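Coordinates in review
Read off the chains here:
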Amino acid sequence: MVNKDDFLYPRGRYYGHVKPENLVFNANLQEFAQRVSYICNLETGGKMPPDEAYEQIKAMWKELKRSKKQLKIGEQPEQNNGSEAEQ
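Residues numbered from 1 in each chain as written. Predicted model: local features only at pLDDT ≥ 70, side-chain atom pairs only at ≥ 80, totals over all residues. Heavy atoms only, no water.

An unreviewed UniProt entry lists the chain under the name Isopropylmalate/homocitrate/citramalate synthase, from Trichormus variabilis SAG 1403-4b.

This is the structure we're talking about:
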């Protein structure tokens, strides 16, 4: 039997470099994409005004950016006094 949450909120498999922070960010990114899709569908169907849809997506985007920053995704690891860069 299929779980209702698995149907409504499907998760794709992660194929990137497996690190805890990457997995967490991937889950956050998938949730963001799913919620944006629902908001777009509500706005397209006339159930939500465009300005409210925009504000909700903007708030979710800020939340996703905050998550990325907290997880330090995309940041370069600190190097030892620049000695590795010179080699």
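**A short note on the overall build of the chain**
In terms of regular secondary structure, the chain is built from 4 helices and 0 strands. Ordered by position from the N terminus, the helices and strands of the chain form the series α-α-α-α. Residue pairs at least 24 apart in sequence account for 51% of intrachain contacts in the chain once pairs closer than 6 positions are excluded. Working note: accessible area of the chain is about 7,600 Å², and carbon and sulfur atoms make up 53% of it. (Helix = DSSP H or I, 4+ residues; strand = E, 2+ residues; numbered from the N terminus. Contact = heavy atoms within 4.5 Å. Areas by Shrake-Rupley, 256 points an atom, 1.4 Å probe, with all protein chains shown as cover.)

**Some words on the confidence of the model for the chain**
Counting all residues, the mean pLDDT for the chain is 87, and 87% of those residues have values of 70 or more. Looking across the chain, the model is least confident in helix α4 (residues 83-86), with a mean pLDDT of 50, and most confident in helix α3 (residues 50-71), with 97. (pLDDT = per-residue confidence, 0-100.)

**Here's the deal with the side chain of Q30**
Structurally, Q30 can be placed in helix α2 (residues 20-44). Judged by its relative accessible area of 19%, Q30 falls in the buried class. Those residues in contact with Q30 that sit more than four places away from it in its chain are P10, R11 and G12. (Buried < 20%, exposed > 50% of the residue type's maximum accessible area, 1.4 Å probe, protein only.)

**Let's talk about the pattern of salt bridges**
Throughout the structure, instances matching the rule amount to 2 salt bridges. Here E21 and K19 are joined by a salt bridge, their closest N and O atoms 3.4 Å apart. A relative accessible area of 25% places E21 in the partly exposed class. The closest approach of N and O atoms between E31 and R35, which form a salt bridge, is 3.9 Å. (Salt bridge = Lys/Arg side-chain N within 4 Å of Asp/Glu carboxyl O.)

**Structural notes on a nonpolar patch on the surface**
Together, V2, F7, L8, Y9 and Y38 give the surface a local cluster of nonpolar side chains, amounting to about 540 Å² of exposed area. Relative to the elements of secondary structure, L8 occurs in helix α1 (residues 4-8). For L8, a relative accessible area of 32% gives the class partly exposed. (Patch = residues over 30% accessible without salt bridge, like charges linked within 9 Å, V, L, I, M, F, W, Y side chains within 5 Å.)

**Section: the packing of aromatic side chains**
Tallied over the entire structure, the rule returns 1 aromatic pair. Aromatic side chains F32 and W61 sit 5.8 Å apart centroid to centroid with 55 degrees between the ring planes, which places their arrangement in the tilted category. Pair noted here: F32 is in helix α2 and W61 is in helix α3, with a separation of 29 residues, a long-range link. Residue classification places F32 among the buried positions, given a relative accessible area of 16%. In this structure W61 comes out as partly exposed when scored by relative accessible area, which is 45%. (Phe/Tyr/Trp six-rings, centres within 6.5 Å; stacked < 30°, edge-to-face > 60°.)

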